[in-house]
Amino acid sequence: MLDRRILRLAAPLALGALALTACGGSSGGGGSSSSKKTYTIAYQGPLSGDSAQLGINMDNGVKLAIDAANSKGDLPFTLKFVDSDDVGDPAQAPAAARKLIDNTNVVAVVGPAFSGATAASEPLFSQANLVSVSPSATRADLTGLGFTSFVRVVTGDTIQGAKLADYVAKALKSKSAYVVDDKSAYGAGLTKYVKEQLTKDGVTFKSEGLAPTKDYSALATKVVGSKADTLVYGGYFPEMALLAKALKAAGYKGSIVSDDGAKDDQLIKQAGATADGIYLTCACGGPPAAGGVGADQFNADYKSKFKSDPGTYSAEAFDSANLIIAAMKAGATDRAAITEAVKKTSDFPGVTHKITFDSRGEGGTGEIFMHQVKGGKITLLGLIDDLIK
Amino acid sequence: MCFTQSFWQLTISGLALGSVYALIALGYTLVYGVLQLINFAHSEVFMLGGFGGLFLIRGLGISNPSGFTSVALVIGGMLAGAVFGGVTAFVLERVAYRPLRRRGAPKLAFLISAIGASYFLLNLAGKEFGRFNNPMPSLYTSGEVFSVFGAQVTTNNLVIGSAAVVMLIALDRIIAKTRLGMGIRSVAQDAEAASLMGVDINKVITRTFIIGGLLAGVAGFLFGIQFGVQYNMGFSAGTKAFTAAVLGGIGNVRGAVLGGLVLGVAENLGVACVSSAWRDVIAFMILVLVLMVRPTGLLGERLGRSA
């Protein structure tokens, strides 16, 4: 009896083992048959979950860069792409980072996209000496925490927060504001600087953090009751959409100002007509003439490949991937060498701006633009410094 | 004081949200009364009901409806939501619970099956329907209809509130007056004795699930009108509704309703008085305090012994 039972178990196990070896064999064979070495550039960001659209926009940018570099044909190696989904959640980010670190083919990472996820992943990346070029993690202190693997091409939130507040104070001429954040690393970080600057600019405000939920009617009632003329929201678009709807239902008549985390067409899809008039800051989205090279070509290529316009930070992700490729072209092909070369990047002609990283890893221009939702589309109003003169 | 300013406004919106919680809580309480099982997958019944209503409204594709068309659309959406909810609940009962009942499995197995079904349905919906929030196409122009003590009552509040009231009264009558209701109460009181008395246990259990599913499905659609439909909307609404059911007395139908309304209002007042971030903390603190003073919940008695 026991022998029969063992046989019954052994047969499927043996079949399974055979199948696995077949799998392993084919992929190994494919890799060694090409004459060029292959390296993988990875992307980490939210690819599922509420804010997935923000992550997907950047994922596409990286894919576009890698495909373009491969098809141009002047690389001494082939590039592959792999992405890792951290759902934008600092709790899931370490696992997503691990997945990339453990993949020995990965030589550099674009991302992580969200600030909270970045703070959670960087200790691991720094330990592995795997460089992560973030197109969008704007939380101010990320470059001050001693991460040797972190650089970003986008301006940090000390500046975005201050400019947002300046706009509220000087362009919207607000007398009393209500500042709300989603208590995330990004939202809370940004509103800290907004509040600091609002105080300096002499605007009184009330503030509170919210726990992301669906029903914001109580908060909307509070905001209306406080007679604030401007609501500033630091956070991502799913909550902004619901909050905008709740404010409209509660009879709020003032302005709504939010940030780059809310700047996505999904905001308009989810908030409908109530999205009209929302102001959105971003270090991105300025006119192509602002130092960028090849922006029109990028826009056209993105549109033809992904059948939609580039999203927030797609161009920054594209630039991040390209500057990694440039460092690799110059001879760096292992993680440590690439990390060093990337951090020394200077005057790299990206489509968004000429990128140079300073000693802390900051590569942004310091320029913040203001956008506004008009007639169901996000339109650029201009550079905030120009608008508040 | 923090809430004297907008007390009525907060109460009105709290009651609207609370009635959605109440509808969902009824599903939890009925199934618990009859099976002593916490049906964790009930939150996904709510979510799928919401999607059912959404698909119908999207499919009909009527833009800017008003007047009679609006009423028809709302009722149609509620029916679609109810159907989707009922079918999901029926399938759940057959697939996730009945096989365990037939084998006399321990209670833990039911619990694990419930949680597993919940995760499965949630992720399946996320994969099939996308993970974004899907706002409901507008069914009517929402605005203030009238005001009570200075608080405005909007069309949304009225639709959700009145639909919920109608369903709750209907359920109460079913439980109290019909044979099915008597069957449910008898199985809740003592399943063995009920079967000895000639009650078909399996039929009663199936119908209990279906009733709970119908209510949750409608709740999903009503919730979706105001907040949109999303694959994970069941999780937090379901947790709150379960809390409401326990708050009112698990197994007690009227308790579930009372619990839902109390929770909805308490959450809103809590947000106003403290801060939005404390919303869930306050809701659960109320639950803990009530249970400490009255462990069987506000209305206490079990389904078998209540009206």
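Every value quoted in this text rests on a predicted model; they were computed, and no experiment measured them. (Residues numbered from 1 in each chain as written. Chains lettered and ligands numbered in written order. Predicted model: local features only at pLDDT ≥ 70, side-chain atom pairs only at ≥ 80, totals over all residues.)

## Some details on the overall build of chain B
Let me state the cut-off plainly: Secondary structure elements are defined from DSSP: runs of H or I of at least 4 residues count as helices, runs of E of at least 2 residues count as strands, and each element is numbered from the N terminus. The atom set for the radius of gyration is the C-alpha atoms, and the globule formula is 2.2 Å times the number of residues raised to the power 0.38. Counting other C-beta atoms within 10 Å of its own, a residue is labelled buried from 20 upward, exposed at 12 or fewer, and partly exposed in the gap between, with every C-beta atom placed from the backbone. Distance between backbone-placed C-beta atoms decides contact: two residues are in contact if it is within 7 Å.
If you tally the helices and strands in chain B, you get 11 helices and two strands. Secondary structure elements of chain B occur, N-terminal to C-terminal, as α-α-α-α-β-β-α-α-α-α-α-α-α. By the compact-globule yardstick of 19 Å for 307 residues, chain B fits well, its C-alpha radius of gyration being 19 Å. C-alpha atoms of chain B, sized along the principal axes, occupy 55 × 45 × 35 Å. Here chain B, with 307 residues, has 52% of them falling under the buried criterion. Put simply, of all contacts in chain B between residues at least 6 apart along the chain, 78% involve residues at least 24 apart.

## Some points on the overall build of chain A
Of regular secondary structure, chain A possesses 13 helices and 14 strands. Burial statistics for chain A: of 389 residues in total, 55% are counted as buried. A sequence separation of at least 24 residues applies to 72% of the contacts in chain A between residues at least 6 apart.

## Points about the interface of chain A and chain B
Our working definition: Three classes are used, and their members are as follows: Ala, Val, Leu, Ile, Met, Phe, Trp, Tyr, Cys and Pro are nonpolar, Asp, Glu, Lys and Arg are charged, and the others, Gly among them, are polar.
Taken together, the contact between chain A and chain B spans 25 residues of the former and 24 residues of the latter. Looking at the side of chain A that touches chain B, the elements with two or more residues in it are strand 7 (204-209), helix 7 (217-225), helix 8 (237-250) and helix 9 (265-271) of chain A. Ranked by the residues each element gives to the side of chain A that touches chain B, the list is headed by helix 7 of chain A, at six residues. Among the residues forming the side of chain A that touches chain B, the class breakdown is nine nonpolar, 10 polar and six charged.

## A short note on the confidence of the model for chain B
We count it as follows: For every residue, the pLDDT score states the predictor's confidence, bounded by 0 at the bottom and 100 at the top.
Per-residue confidence for chain B gives a mean pLDDT of 89, with 96% of residues at or over 70. The ipTM value of the predicted complex is 0.87, and its pTM value is 0.86.

## Here's the deal with the sheet that holds strand 3 (residues 106-110) of chain A
All names here are of chain A. To keep things clear, this is the line we draw: Here the rule is simple: two strands pair whenever DSSP picks up at least two bridges between them. Axis lines are fitted to C-alpha atoms, over the contacting stretch for helices. Their N-to-C directions set the angle, which ranges from 0 to 180 degrees.
Spatial strand order, 2-1-3-4-5: five strands in an open sheet with parallel pairing. The sheet terminates laterally at strand 2 (77-85) and strand 5 (150-152), the two strands that pair on one side only. Between one strand axis and the next, the sheet turns by 25° as a mean value, whatever way the strands run. Sheet topology note: the strand 1 (residues 37-45)/strand 3 ladder contains four bridges and is parallel. Among the inter-strand pairings, T40 is bridged to a residue of strand 3, identified as V106.

## Here's the deal with the packing of helix 7 of chain A against helix 1 (residues 7-35) of chain B
Applied cut-off: Angles are sorted into four bins: roughly parallel if under 35 degrees, roughly antiparallel if over 145, roughly perpendicular if 65 to 115, and oblique for all others. Whether a crossing is left-handed or right-handed is set by the direction in which the near helix is turned from the far one by less than a right angle, anticlockwise for left-handed and clockwise for right-handed.
Relative orientation of the contacting elements helix 7 of chain A and helix 1 of chain B amounts to 160°, with a least axis distance of 10 Å. Considering the angle they form, helix 7 of chain A stands roughly antiparallel to helix 1 of chain B. Our pair here, helix 7 of chain A against helix 1 of chain B, has a crossing hand that is right-handed. For the pair formed by helix 7 of chain A and helix 1 of chain B, the contact residues are A:S217, A:A218 and A:T221 on the first element and B:Q9, B:L10 and B:S13 on the second. Taken together, the residues that form the contact of helix 7 of chain A with helix 1 of chain B break down as two nonpolar, four polar and no charged.

## A look at the domain arrangement of chain A
Residue and element names in this part refer to chain A. Formally: Domain start and end points were adopted from an automatic or database domain assignment.
As assigned here, chain A comprises domain 1 (37-155 + 288-355) and domain 2 (158-282 + 369-387). The C-alpha-based centres of domain 1 and domain 2 are spaced at 28 Å. Elements supplying a minimum of two residues to the side of domain 1 that touches domain 2: helix 2 (52-72) and helix 4 (115-128). Considering each element in turn, the side of domain 1 that touches domain 2 owes the most residues, three residues, to helix 4. For the side of domain 1 that touches domain 2, the class distribution of residues is five nonpolar, eight polar and two charged.

## Things to note about the pairing of strand 9 (residues 255-258) of chain A
All names here are of chain A. Convention followed: Viewed with both strands pointing away, a crossover whose connecting path from the first strand over the helix to the second turns clockwise is right-handed.
Two elements, strand 8 (residues 230-234) and strand 9, share three bridges in a ladder whose sense is parallel. Looking at strand 9, one finds that T230 is bridged to S255. Once the chain exits strand 8 it traverses helix 8 before rejoining the sheet at strand 9, and the crossover so formed is right-handed. Bridging between strand 9 and strand 10 (residues 279-282) involves two bridges; their strand directions are parallel. From the neighbouring strand, V257 faces strand 10, where its bridge partner is Y279. Where the polypeptide runs from strand 9 across helix 9 and back to strand 10, its parallel neighbour, the crossover connection is right-handed.

## Here we look at the packing of helix 1 of chain B against helix 5 (residues 155-177) of chain B
All names here are of chain B. Two elements in contact, helix 1 and helix 5, have axes whose closest approach is 9 Å; the angle formed by their N-to-C orientations is 35°. As helix 1 packs across helix 5, the resulting crossing turns out to be left-handed. Facing helix 1, whose interface residues are I12, S13, L15, A16, S19, V20, A22, L23 and L26, helix 5 presents N157, I160, G161, A164, M167, L168 and L171. Grouping the constituent residues of the contact of helix 1 with helix 5 by class yields 12 nonpolar, four polar and no charged.

## Things to note about the environment of B:L121
Residues and elements named next belong to chain B. Take L121: it is sitting in helix 4 (residues 107-129). A count of 22 C-beta atoms within 10 Å places L121 in the buried class. Measuring from C-alpha to C-alpha, the distance between L121 and M47 comes to 9.3 Å, with 74 residues separating the pair along the chain.

## A closer look at the sheet that holds strand 7 of chain A
Residue and element names in this part refer to chain A. The strand order across the open sheet formed by seven strands is 7-6-8-9-10-13-14, and the pairing between neighbours is mixed. Each of the sheet's edge strands pairs with one partner strand only, and the pair in question is strand 7 and strand 14 (377-383). Each adjacent strand pair in this sheet contributes to an overall mean axis angle of 25°, direction not counted. In this sheet, strand 13 (residues 369-374) lies alongside strand 10 in antiparallel orientation, the contact comprising four bridges.

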